[in-house]
Amino acid sequence: MAGGRRAAALALRWGCCLLLCCAVASKLEVSMPAVVKVSFGDTARIECNFVIPGNGSYTYINWSYIDRQGLMKLCSVVNGKLLEEAADYKGRLSVGQDNALSISRITLQDATTFVCQVSVDPHGTGENHTELLVYKIPEAPEIMASTSGISVHSSDLPQIASCVSRNSYPAPNITWHKNGEQLHMEENKVKILGTVTRESSLLYTVNSNLFAHVTREDRNSLYYCTVHYWLWGQSHTVESRRVNVTVFYPTQNLMLQVSPSPALVKEGDDVKMVCEADGNPAPVFSFYKRGLQDSWQDLTSLADTNSGVLNLQDVTRSSSGLYRCQTLDLDDMRQLEKDVELVVNYIEGVSVKMEPSSPLWEGDSVKLSCNADSPVALDFQWRDARGRKVAEGKQLLLSNLTFETSSNFSCKVSAHSVPGLEKSKQVAVAVQGEPRIVSISSPLYVRQDEVVNLTCKAIAFPRASVQWNINGTAHEYVENQHVTSNLTVRVDHNLLQAGAMCRVSNALGTSEKHIQLLDRKTPESKGIIIVAIIVCILVVAVLGSIIYFLHKKGKISCGRAGKQDITKPEARKDKIVVDVKSDKLSEEAGLLQGTNGEKRPAADQSEKYIDLRK
C-alpha cells in the first residue's frame, strides 16, 4: 500500500514539472530599451524585439503612447504594412524590417512613453514600453553691451550688458565674467537678473542682465556671458563674444606738448601746441599766454577747444613766452592747467665789414669780417659766388687780388643747435684796373663775301667798353667784371687783307688786339687737287707694272752683259710709245740699275724711249 502511494506521488510530481515546462516554453516575450534619447528635430528609433515560440509569426503589432488621457493608439503593423492611427504623427512614422518604429521631426510633444504590443496566435499577446526623452542644445548666446556709456560716479548700479540664450531644452543656466573671472552677486556692487521663457515650441529662452559699478580701470575690461547645459550626464558650456563698455571718468593728468620741440623753434616756423587730458570724455580746453604784470591773454579763439590744439602761424621772437592750457571737468567741476615755455630763436644784425674799404687794385689784400646777434651760439661760413665754401669763421682774408678774384662773397650765419636757423649777407669784392683782353677769335679762317662773327672778351673794373675799327653789328654781354663783344660782319677784300682791331677801354686805360683773317680755299679747288693727285698715282702705278712685266719677259735687258741701244724711233700709229722722264737723277738711277747692281751713267738715263709692241 505504501509503495503504491509513493508511486502515485512521484507520478504527480513529474506531471506538474511537465506542465510548468510547457507553460514557460509557450510564453511570448517582448524586450525594449528603457530610455531612448533624441535631439530636437532629429529622428527617434524605438526598437521592439520579441521571440515567437515555435518559430511562428506575429498576427499584428500595436504601438501606443501615454498622454494625459491615458493610453492612446499610435499605429498598427499587419503583414509588414503600417496602418497609422494617430493624426498628430501622420507622415512621420515608419517601421523597419526589424520591427523598430522610427519617428521623424521629433518635437518636445513627442517626449512620452511608447508601448509595443505584439499578438501571436495561439500564444496570445506580449508587450513592453520605452520612455522617449527629447533634448535641444542651446544656441550660442547673444550679448549686447550698454551703448550709452557708464559714469564712475553713477549712484545706482548701471547695466553693463544683457545676454540671451534661445531654443534649448531643458533650460540652461547663464553666468557672467569680466576679464576671464566669474562675477557673483555682491550687494551694492554686482547684480544679476535673469528670466526664463517657454516658447510655443516648448523650447526655453533664457535672458540675463548684468548690473555693476565701474572704475577708471574698467575702460579696457572685457565682459562676456557663458551658457551652461547638461547632456548625457555631462556639463557643457558655450561662451559669447567679448564686449567693452564706454566708461566716463574725470581727468586726473594734463599734458601740453609743443611741435616742433620748444628748443628748436625759429622765426618763421608754424608751432602746434597740443593739450591732452586722460579723462573721458575729453574736457573743454582753453589756452592763454602770459603778458606783462602776470596778466593772461586769452588765445582760445585761435584754438580748437574740442581737440585741444592751438596753432601759431609764422612765429616771431615776440611769440616767445609762457603758454597755459586749462581744462574744466563738467562732471565734478574740477579745473586743471599745464604750462610750457616757448622760446623763438632768431638771428639778426648780420653785417660784413671790408678792410680796407678804399678801392682795391690788383695785387692788394683785403679782410672781410662778419658779425651777427642771436640767443644761441652761431657758426660762420664764407662762400663764393658759385656757392662753394671757401672758409669758416668770422673773418676771410684775400691776398694778391686779381680781376679773377673779383666776386660776390657771402657770409652764412647758422645755429647748429637749431636746424634751419640761418641767414646770409653778401659783399662785392671789386678789383680795379685797366682792361685786359683775355680772349679773341684769331686767327679766323674765312671766305670772300662770307658773314662771320668776330669775338673779343676782356676783363676790367670799372666796366669797360669795346670798340671795333670796322663797321658791323655788335652785341655786348657783361658778366661781373667780364665784357664780351660779338661783331657780325661780311668779309670783303680789304678786311681779308687788313684784319680787324678790338679796343677795350675804361677810365683807367686801354687795351687792344688784332684779329687775323685767313683765306679758306673753296671745296671745289680742293677737290680738283685731290683728283689730280689720284690720277698721277694711278699713272705711275700702271707704268711701274708695265716696266716690271717687260723686264720679266726679257724685253728689257738691264746690266752690263745685256745692254741694248734704245733709240728714239718715230712715233707711229701702230706703236705705243711711253716717254719716261725724270727731274731727279737719283730716282732714275735706282730704277735702271743693272743686274749686277751697277748704276748706269746719268747721261744714259736722262731721256729714254721704250717701244711697246704687241
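Our subject is the structure listed above.
As a starting point, this report considers the structure included with it. (Residues numbered from 1 in each chain as written. Predicted model: local features only at pLDDT ≥ 70, side-chain atom pairs only at ≥ 80, totals over all residues. Heavy atoms only, no water.)

This paragraph deals with the overall build of the protein. Scanning the protein for helices and strands turns up five helices and 48 strands. Expressed as a percentage of its 614 residues, the buried residues of the protein come to 34%. Pairs at least 24 residues apart make up 60% of the contacts formed inside the protein by residues separated by at least 6 positions. By element, 51% of the accessible surface of the protein is carried by carbon and sulfur atoms, the whole surface being about 37400 Å². (Helix = DSSP H or I, 4+ residues; strand = E, 2+ residues; numbered from the N terminus. Buried < 20%, exposed > 50% of the residue type's maximum accessible area, 1.4 Å probe, protein only. Contact = heavy atoms within 4.5 Å. Areas by Shrake-Rupley, 256 points an atom, 1.4 Å probe, with all protein chains shown as cover.)

The subject of this paragraph is the pairing of strand β23 (residues 271-277). Relative to β23, strand β22 (residues 254-259) runs antiparallel, the two sharing six bridges. Looking at β23, one finds that Met255 is bridged to Glu276. (Pairing = 2+ DSSP bridges.)

We now examine the nonpolar core. Of all hydrophobic cores here, the largest spans 31 residues; its most connected members are Trp63, Leu74 and Val118. Listed by contribution, the elements that provide at least two residues to this core are β2 (35-39), β3 (44-46), β5 (60-67), β6 (70-78), β9 (101-103), β10 (113-120) and β11 (124-135). The dominant element in this core, judged by the number of residues it contributes, is β10, at four residues. Filtering out sequence-adjacent residues up to four positions away, Val118 remains in contact with Leu28, Val30, Cys48, Phe50, Tyr58, Tyr60, Ile61, Gly124, Thr125 and Gly126. By size, the runner-up hydrophobic cluster in this structure holds 24 residues, among which are Ile347, Val376, Leu396 and Ala415. (Core = buried A, V, L, I, M, F, W, Y, C linked by side-chain atoms within 4.5 Å.)

Two cysteines joined by a covalent bond between their sulfur atoms form a disulfide. Tallied over the full model, the rule gives five disulfides. The disulfide bridge from Cys163 ends at Cys225, spanning 2.0 Å between sulfur atoms. With the S-S bond torsion at 65°, the cross-link from Cys163 to Cys225 turns out right-handed. With Cys163 in strand β14 (residues 159-168) and Cys225 in strand β19 (residues 223-231), this pair connects stretches of sequence that are 62 residues apart. By relative accessible area, which is 1% here, Cys163 ends up buried. Residue Cys456 pairs covalently with Cys502 via a disulfide, S to S 1.9 Å. Of note, the bridge from Cys456 to Cys502 carries an S-S torsion of about -75° and is left-handed in sense. On the criterion of sequence distance, the pair formed by Cys456 in strand β40 (residues 451-461) and Cys502 in strand β44 (residues 500-506) is long-range, its members being 46 residues apart. By the burial criterion, Cys456 is buried, and Cys502 matches it. (Disulfide = S-S within 2.5 Å.)

In space, the three strands of this open sheet follow the order β41-β44-β45, with antiparallel pairing throughout. The strands lining the two open edges of the sheet, one partner per strand, are β41 (465-468) and β45 (509-515). For this sheet the average axis-to-axis angle between neighbouring strands, irrespective of direction, equals 20°. Relative to β45, β44 runs antiparallel, the two sharing seven bridges. Bridge pairing in β45 links Met501 to His514. (Axes fitted to C-alpha atoms, helices over the stretch in contact; angles between N-to-C directions.)

The subject of this paragraph is the environment of Phe211. When you line up the elements, Phe211 lands in strand β18 (residues 204-212). Apart from residues lying up to four places away in sequence, Phe211 is in contact with Leu157, Pro158, Gln159, Ile160, Lys189, Val190, Lys191 and Leu193.

What follows concerns the side chain of Ser208. Among the structural elements, Ser208 can be located in strand β18. A relative accessible area of 3% means that Ser208 is categorised as buried. Separated by 2.8 Å, the side chains of Ser208 and Trp176 make a polar contact. In this structure Ser208 touches Ala161, Ser162, Cys163, Ile174, Trp176, Ile192, Leu193 and Gly194, once residues within four positions along its chain are discounted. (Polar contact = N/O pair within 3.5 Å; in protein donor to acceptor, adjacent residues only side chain to side chain.)

Before going further, it helps to examine empty space enclosed by the protein. All told, the structure shown has three cavities of 30 Å³ or more when counted by the stated rule. Space inside the largest cavity adds up to approximately 50 Å³. Surrounding the largest cavity, Tyr135, Lys136, Ile137, Pro138, Ser168, Tyr169, Pro170, Tyr229, Trp230 and Leu231 form its lining. Per-element accounting of the lining of the largest cavity gives the leading share, three residues, to β19. When its residues are assigned to classes, the lining of the largest cavity shows eight nonpolar, one polar and one charged. (1 Å grid on protein atoms, 1.4 Å probe; cavity = no way out; pocket = protein on both sides within 12 Å on 5 of 7 lines; lining within 4 Å. Points joined across faces, edges and corners; volume = space filled by probe spheres on them. Nonpolar A, V, L, I, M, F, W, Y, C, P; charged D, E, K, R; others polar.)

Our next topic: the packing of aromatic side chains. Under the counting rule described, the total for this entry stands at four aromatic pairs. Aromatic pair Tyr169 and Tyr204: ring centres 5.8 Å apart, planes at 15°, arrangement stacked. On the criterion of sequence distance, the pair formed by Tyr169 in the loop between β14 and β15 (173-178) and Tyr204 in strand β18 is long-range, its members being 35 residues apart. Taking the relative accessible area as the measure of exposure, Tyr169 reaches 25% and is therefore partly exposed. Take Tyr204: its relative accessible area is 17%, and that puts it in the buried class. Aromatic rings pair up to connect Tyr65, Tyr89 and Phe114 into one cluster. Above the ring of Phe211, the side-chain terminus of Lys191 is found at 5.2 Å from the ring centroid. For the cation-ring pair, Arg317 lies above Tyr346, with the distance from its terminal atom to the ring centre recorded as 3.9 Å. (Phe/Tyr/Trp six-rings, centres within 6.5 Å; stacked < 30°, edge-to-face > 60°. Lys NZ or Arg CZ within 6 Å of the ring centre and 35° of its normal.)

Taken together, the side chains of Leu328, Leu330 and Met333 make up a nonpolar region of the molecular surface, amounting to roughly 310 Å² of accessible area. Using a relative accessible area of 53% as the deciding quantity, one classes Met333 as exposed. (Patch = residues over 30% accessible without salt bridge, like charges linked within 9 Å, V, L, I, M, F, W, Y side chains within 5 Å. Salt bridge = Lys/Arg side-chain N within 4 Å of Asp/Glu carboxyl O.)

Here we take up the pattern of salt bridges. The tally for this structure, following the rule as stated, stands at 22 salt bridges. When the shortest N-O distance is used, the salt bridge between Glu348 and Arg317 registers 2.5 Å. Of the two residues, Glu348 sits in strand β30 (residues 348-355) while Arg317 sits in the loop between β27 (309-312) and β28 (321-329), which places them 31 residues apart along the sequence. Taking relative accessible area as the criterion, Glu348 reaches 31% and is therefore assigned partly exposed. Classification of Arg317 as partly exposed rests on a relative accessible area of 32%. Among the ionic pairs, Glu355 bridges to Lys367, the shortest N-O distance being 3.6 Å. Residue Glu355 is found in strand β30, and its partner Lys367 is found in strand β32 (residues 366-373); the two are separated by twelve residues along the sequence.

Taken by themselves, the reported measurements are silent on function.
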